[in-house]
Amino acid sequence: MPIQQLFLGTGKSKADPLYIDDVFSTYLWKGTGGNITHNNGLDLSTKGGMVWIKSYSDTYGSAITDTVRGTTKQLQTSTNAGDLTNSSRLTAFNSNGFTTGYEELVGSNNSKYASWSWRKAEKFFDIQSWSGNLTSGRQISHNLKCVPGFILVKRNNGPANWSVYHAALGPKFSTFLNKTDTASESSAYWNNTAPTDSVITLGNSTNVNGGSGDDYIAYIFGGGKSTAATARSVEFGSGASDLLHVGSSSDLSFGTGDFTIEGWFKDNVGSNMGIFQISSSSDGYTTSDYANTIALGHNSGGWNPYGNGQTSTPSANLHLNFAAGEWIHFAYTRQSGTNRIFINGDLLKDWSSSYNYTHTYLAIGAQYTINNRLSGEISNFRIVKGTAVYTSPFKPPTEPLTNITNTKLLCCNNSSVTGATVTPTTITTEGGGGLTAVTENPFIDPENYAFGADGDQNAIKVGRYNGTGSTSTVPQITCGWQPSWVMIKDYHDSGQDWVMFDTKRGIFNDNSTEDKILAVNAAETQTGGLYLDLTGNGFKITSSHNRVNSGTRKYIYVAFRMSDGGVGKIPDAGTGSLAMDYGSGSSSIPNFDSGFAVDFCLTRKPASSDNWYTGARLLGGKFLKTNASSSTSVSGNFIFDSNLGWNDYSSWNTNELSWMWKRGPGFDVVATKGGQNKRIAHSLNKIPEMYFVKNRDSAENWTVYHKGLNSGTNPENRYIVLNATGGESGSDTSAWNSFVPTSTHISFGTMDTTGGNSSDNYLVMLFCSIDKISKVGYYDGSSSTQTITTGFQPRFVILKSATTDHDWYVLDTTRGWGSGNDNFLALNDNYAQVSHDFGAPTSTGFTLTTDGTYNSSGQKYIYYAHA
């Protein structure tokens, strides 16, 4: 990747990075019948871009307006018609958003609207226009500076279908955004030519390049495939005799030492298939000595790892499911006698064995029997002898693998089926009729990695998967991050809509709360259903509906990343990620004002005895209580469909205070199934320093990890309870499996309170320190006044003794902190706030008085502070 990456229209380099908050927004509002200015943070007037608006409460069509055609022109995705012309819809593009008028497509009184806005920026989004000339092979220049992955083309001065290029289908196919049809194979759309980092190529279809006088607009998004020389794969046909042989070679004999076997595979049929096997048989796989082989495969029952007797299928809570048609990274490693299998960077299974492996024959694309052959592709298959490349959960490589130290084999990355970067001996084929070297590969163009403080993150994922028709064995899509917006289309069979989801309207990780779905190709209201769950690094399908998961259908998708710790913008002030506000008693959302979309909240009456009501966007209207062990309860008042706050319960008035957090740098929320010692992906992009875990389905305690437990020494072996006054507990592996949290994963333990019940759902809130914004820390008590340094002036703090029996104290400047009469509450109790002199905030931290409950000599304390 170039040292300097200049962003469109800005002249900025990595020193002035690009964040997802700068270029993409989902924004909701209720129409008033008049003009409304929507401040979504995108500079559309200077940089340019596109706004897509749709009422989700009424059967109005959509309205797409862009800075190339101007504010008076709108296109609709539910029809093939050309421009509508109206000056009362989107009336202005602004430096921080846009303004809408009174017309029903954008502002009818009391109708609810959603907008999705994309700002022009290199590596992300561009708009181009042209007049048709019916010439096949015509090239249209663009300014992405990366390979496009998703393109929408529409004739705007007359009728024509919306033509869609999708990288997972390639340039031979087009789908149609306004129709329920299958993908159409024809050179008339993209001239059978993949787009490059500078041009897209057109055929002569009237949908993309009609005759003189036909005008077209194109919305061009990043996310395209890598074109690197080794970004290739070998395609294995469905025939029973197709595989690769490597052997015999002593380089495949690992003895008792360390090793890594890794690569990517894509299963195209979803049936029994083998990935690889090292055995004593000359063909590499037909042996009855399974316990002494090293192998990996998958069938309808789950993953089948072999090695020194490891032939059992892991339980379902260890990420068994994947999506046929989707690229999957696998890694089988051994480090000092610990064997591990990783799928998409998640730890699937580990066990202890220093078995002496002496076998020398390798089969790629087969395992166990002749019936377990892969029908799909394998890319960048690598064996490293003497090194365990991966020892804990990780994010898979984003570029083709290289010849690192101790590499003995690196193949399936060549223009030849048997070609290789490194090989210990000749690679041969068995069968060979269905073996083909292809450019299909699991890698995104590296120029897409331009987001975040270091300019090394991506924000768009396009892909495809096969349906299963099941709600138990479901497709699980790995994006490498959690999306905030997903669009899915069945491209294999006709009759199914393009369906759109976003987290603002609602994607809920709750098996009784329906996700909100819009049909892009229809002028309909949103409907509900149990369609998706978001995971820490992607999403999974939870429905067997034909729209998303029929067993006979195939699907494409487009996903945009949420504002997380990797690509989210650090706010200029602490108020950008933590807000506190008393209720307005309004029956219109938002009752509690925050200035941002709220992802997690605490709410109670401070001056009265009251519970701490705890809600999260992902829970879809359910709440918990930090002062109780009870499971989630349903409430119609926990509504989060606003960009400016939350709740529309008029009985919550000025007596109620809400503390509200936004996900991004410093804070994350994960809703997931439990599982003993299960690794949980998160989106902080930094090591979490504190996290709360709560069983949502059973009456279990809130359990807390904090880096300051045990005075910061091996805190992964300790825990403390949020809804109780006790000090820290534990000095074993039961709480968190002794797993040291990483910038990508935490671990559940074996206790039901710390995620160990695989039948139950859990909520996890994760926190880390961000310079000048938040601080997770700990200190020793002194029985004399002392100052705690945070690096900023805090507005909010939680204090807890780690070693003695005291409350979780909450102080904030909204209720009064620093005047000597500090109103404090306890997260673990429902008592009304009480006044006491704790100390005061300073410009760089806070002071503490000598009270023994939070500053006693010989005791240890933990805290969380926020500016």
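See above for the structure.
Definitions and cut-offs
- Residues numbered from 1 in each chain as written.
- Predicted model: local features only at pLDDT ≥ 70, side-chain atom pairs only at ≥ 80, totals over all residues.
- Heavy atoms only, no water.
- Helix = DSSP H or I, 4+ residues; strand = E, 2+ residues; numbered from the N terminus.
- Contact = heavy atoms within 4.5 Å.
- Pairing = 2+ DSSP bridges.
- Axes fitted to C-alpha atoms, helices over the stretch in contact; angles between N-to-C directions.
- Buried < 20%, exposed > 50% of the residue type's maximum accessible area, 1.4 Å probe, protein only.
- Lys, Arg positive; Asp, Glu negative; His and termini not counted.
- Salt bridge = Lys/Arg side-chain N within 4 Å of Asp/Glu carboxyl O.
- Polar contact = N/O pair within 3.5 Å; in protein donor to acceptor, adjacent residues only side chain to side chain.
- Phe/Tyr/Trp six-rings, centres within 6.5 Å; stacked < 30°, edge-to-face > 60°.

(A) Spotlight on the environment of A671. With respect to the helices, strands and loops of the structure, A671 is situated in strand β52 (residues 667-673). Along the backbone, A671 and N292 are 379 residues apart, and their C-alpha atoms lie at a distance of 39 Å. If we ignore the near neighbours within four places in the chain, the residues touching A671 are N509, L534, L618, R696, Y762 and L763.

(B) Expanded view of the sheet that holds strand β43 (residues 554-561). One open sheet holds the six strands; their spatial order is β35-β43-β37-β38-β39-β40, and the pairing between them is antiparallel. Only two strands of the sheet have a single partner each, and these edge strands are β35 (460-466) and β40 (527-529). Each adjacent strand pair in this sheet contributes to an overall mean axis angle of 30°, direction not counted. The pairing of β35 with β43 spans seven bridges and is antiparallel. Note on β43: the bridge partner recorded for V462 is V558.

(C) Structural view of the pairing of strand β55 (residues 703-706). Both faces of β55 are covered, namely the face carrying T703 and Y705 and the face carrying V704 and H706. Bridge count for strand β54 (residues 690-695) against β55 is four bridges, and the pairing is antiparallel. Paired with Y691 across the two strands is Y705, which belongs to β55. Sheet topology places β55 next to strand β56 (residues 720-721); two bridges connect them, and they run antiparallel. Within β56, the residue paired with T703 across the bridge is V721.

(D) Highlighting the sheet that holds strand β59 (residues 774-780). One open sheet accounts for six strands, arranged β59-β67-β61-β62-β63-β64; its pairing is antiparallel. Strands at the two margins of the open sheet, each flanked by one partner only, are β59 and β64 (834-836). Taking each pair of neighbouring strands and ignoring which way they run, the sheet shows an average axis angle of 30°.

(E) A look at the side chain of K800. Counting through the fold element by element, K800 comes out in strand β61 (residues 796-801). Here K800 occupies a buried position and makes no salt bridge, while the nearest side chain of opposite charge, D805, is found at 5.9 Å. At 3.2 Å, the side chain of K800 and the backbone oxygen of G726 are in polar contact. There is a polar contact of 3.4 Å between the side chain of K800 and the backbone oxygen of T804.

(F) Looking closely at the packing of aromatic side chains. Within this structure, the stated rule accounts for 71 aromatic pairs. Here the aromatic rings of F330 and F381 are separated by 6.2 Å at their centres, their planes lie at 50°, and the arrangement is tilted. Of this pair, F330 sits in strand β24 (residues 328-335) while F381 sits in strand β30 (residues 376-385), and the two are 51 residues apart along the sequence. The class for F381 is buried, based on a relative accessible area of 0%. A ring pair is formed by Y465 and Y557, whose centres lie 6.4 Å apart and whose planes are at 35°; its orientation type is tilted. Here the residue Y465 occupies a position in strand β35, and Y557 occupies one in strand β43, the gap between them amounting to 92 residues. Given the relative accessible area of 0%, Y465 is considered buried.

(G) Here's a closer look at the pairing of strand β4 (residues 63-66). Of the two faces of β4, the one holding A63 and T65 and the one holding I64 and D66 are both buried throughout. Bridge count for strand β3 (residues 49-55) against β4 is four bridges, and the pairing is antiparallel. Bridge pairing links I53 to A63 in β4.

(H) Highlighting the side chain of T360. With respect to the helices, strands and loops of the structure, T360 is situated in the loop between β26 (346-352) and β27 (361-364). Of the polar contacts made by the side chain of T360, one reaches the side chain of S248; its length is 2.6 Å. Residues within four places of T360 in sequence aside, it is in contact with V246, G247, S248, S249, S250, L252, S253 and S279.

Any link to function would need more than the numbers given here.
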